[in-house]
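Fold and geometry: a report
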Amino acid sequence: MVNDLSTEAFLALRDYFFDQQGRPIPFSLRPKRNTQDDPFDELLAVKILSNIPNIKCVKAPGPLITPDMVLFRPENCLNVTKGELRGDFNRILAMEVKKLERTSQRGVARASGLDYNTTPPCGIVRVYDSIGNTLDIRSFYLFVCLEVDKNDSSKVILSALALVDGDLLNTDFKLYLSVVGERVKRIHLGSYTNGADRARPMFIFANPLGAEALDHKITLVHPLPKLEDSRLRLVHEIERTLPDKGKNKFYCYRLSSDVPKGWQASSLKDPFPTPTRDPRTRPRGRFKLPFKIQD
């Protein structure tokens, strides 16, 4: 049986971070060396995903580079065209990792909208081959909720994990390209003309773990309504409504042993919480002095 790369990755993550009963397995992370250092991403790429047979995992070569890693089957990526690689996540797949914590009320943090910083999520992302040619490939996003282990504060656990098709978050590749390419910044600003405005965008999109059906669970959200691997069972169908009232459908799978007996798959329509947003930005906070002045 040959699974697509997202399925292989999901099964490897499920087996590493959870026991046979679906309970979190405590694990250690090395200390961070600096602000941009990411021990968890390193664990994923080097210790887990690179050990999947016949699959290679390459981590981003430095900080502030997206995606965080790329999985591929080397023998299946040779002598094929860009078009063949673009939509085939049996051959190559990007993965971006989003780590979350819990609030004091035990809900997942930023449930109603997650900061994606300067790069909007997308089901297709752009990478480059060894000589700098562009290559657009399918992407999945891994959402995990990291918590300190109650029995050993030197270790952590995952209390939720969802590996989701990037299209669940956004299918607008033009938006993605408009941001990851060159942008024009404002220069020669200020009284001495040595200031600059980087015109740096900041994006907020859905947080899948904000949906009650996905939090505290171990889930693969896939674009296909049927997977070949008999170990996985369909538990939900997600519908996302498009502006033209059309629908995009996605399918939630879990390891069969993680699904309660008698479970019936259900349909979830737009399950992610989204607040009402004002297009105006908030002004900077005001510094208030402890005294009153005369007009």
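The following refers to the structure shown. (Residues numbered from 1 in each chain as written. Predicted model: local features only at pLDDT ≥ 70, side-chain atom pairs only at ≥ 80, totals over all residues. Heavy atoms only, no water.)

Side note on the overall build of the protein chain
Summing up its helical and strand segments, the protein chain has 4 helices and 14 strands in all. Expressed as lengths along the three principal axes of its C-alpha atoms, the size of the protein chain is roughly 75 × 50 × 45 Å. Looking at the protein chain as a whole, 42% of its 295 residues are labelled buried. Across the protein chain, contacts joining residues at least 24 apart in sequence account for 65% of those joining residues at least 6 apart. (Helix = DSSP H or I, 4+ residues; strand = E, 2+ residues; numbered from the N terminus. Buried < 20%, exposed > 50% of the residue type's maximum accessible area, 1.4 Å probe, protein only. Contact = heavy atoms within 4.5 Å.)

A few points about the layout of surface pockets
Approximately 970 Å³ is the volume found for the largest pocket. Considering the residues around the largest pocket, the lining is formed by 34 residues, among which L64, I65, D68, E96 and N117 are closest to the centre. Mapped by element, the contributors of at least two residues to the lining of the largest pocket are β3 (92-100) and β4 (114-117). Counting residues per element, the lining of the largest pocket draws most heavily on β3, at 5 residues. Of the residues belonging to the lining of the largest pocket, the class tally is 14 nonpolar, 8 polar and 12 charged. Its boundaries defined by the atoms lining it, the second largest pocket holds a volume of some 790 Å³. Counting residues per element, the ones that place at least two in the lining of the second largest pocket are β1 (56-59), β2 (69-72), β5 (124-128) and α4 (173-180). With 4 residues, α4 is the single largest residue contributor to the lining of the second largest pocket. Of the residues contributing to the lining of the second largest pocket, the split by class is 18 nonpolar, 5 polar and 6 charged. (1 Å grid on protein atoms, 1.4 Å probe; cavity = no way out; pocket = protein on both sides within 12 Å on 5 of 7 lines; lining within 4 Å. Points joined across faces, edges and corners; volume = space filled by probe spheres on them. Nonpolar A, V, L, I, M, F, W, Y, C, P; charged D, E, K, R; others polar.)

Describing unusual backbone geometry
With the exception of glycine, the majority of residues adopt a negative phi angle, and the majority of peptide bonds are in the trans configuration. In this structure, P67 follows T66 across a cis peptide bond, with omega equal to 0 degrees. Its location among the elements puts P67 in the loop between β1 and β2. Unlike most non-glycine residues, R106 shows phi in positive territory, near 75 degrees. Here the phi dihedral of T193 falls at roughly 60 degrees; this positive angle occurs in a residue that is not glycine.

Quick look at the packing of helix α1 (residues 5-17) against helix α2 (residues 39-48)
Viewed as axis vectors pointing N to C, α1 and α2 meet at an angle of 110 degrees, and their least axial separation amounts to 11 Å. Our classification of the angle between α1 and α2 gives roughly perpendicular. Where α1 abuts α2, its residues A12, L13, Y16 and F17 lie against F40, L43, L44, K47 and I48. Class assignment of the residues belonging to the contact of α1 with α2 gives a composition of 8 nonpolar, no polar and 1 charged. (Axes fitted to C-alpha atoms, helices over the stretch in contact; angles between N-to-C directions. Parallel < 35°, antiparallel > 145°, perpendicular 65-115°, else oblique.)

Some points on α1
Compared with an ideal rise of 1.5 Å per residue, which puts 13 residues at 18 Å, α1 spans 18 Å between its outermost C-alpha atoms and is within 8% of the ideal. Most of α1 is tucked away: 11 of the 13 residues are buried. (Expected span 1.5 Å × (residues − 1).)

Re the pattern of salt bridges
Side chains that carry opposite charge are capable of pairing whenever their charged atoms lie near each other. By the definition in use, this model includes 17 salt bridges. In this structure, the salt-bridge partner of R186 is D197, at a minimum N-O distance of 3.4 Å. Placement of the pair is R186 in strand β8 (residues 186-189) and D197 in strand β9 (residues 195-197), with a sequence separation of 11 residues. Taking the relative accessible area as the measure of exposure, R186 reaches 52% and is therefore exposed. With relative accessibility at 29%, the residue D197 sits in the partly exposed group. A single network of salt bridges, built from pairs that share partners, joins R102, R106, E147 and D215. (Salt bridge = Lys/Arg side-chain N within 4 Å of Asp/Glu carboxyl O.)

Thoughts on the pairing of β2
Burial of β2 is two-sided: the residues M69 and L71 facing one way and the residues V70 and F72 facing the other way are all buried. Here β1 pairs with β2 via 4 bridges, running antiparallel. Looking across to β2, one finds that K56 is bridged to F72. In the sheet, β2 pairs with β3 via 4 bridges, with the strands oriented antiparallel. Across the sheet, M69 pairs through a bridge with M95, a residue of β3. (Pairing = 2+ DSSP bridges.)

Observations concerning the side chain of H236
Relative to the assigned elements, H236 resides in strand β12 (residues 232-241). Within the structure, the side chain of H236 is placed 2.8 Å from the side chain of S266, a separation counted as a polar contact. (Polar contact = N/O pair within 3.5 Å; in protein donor to acceptor, adjacent residues only side chain to side chain.)

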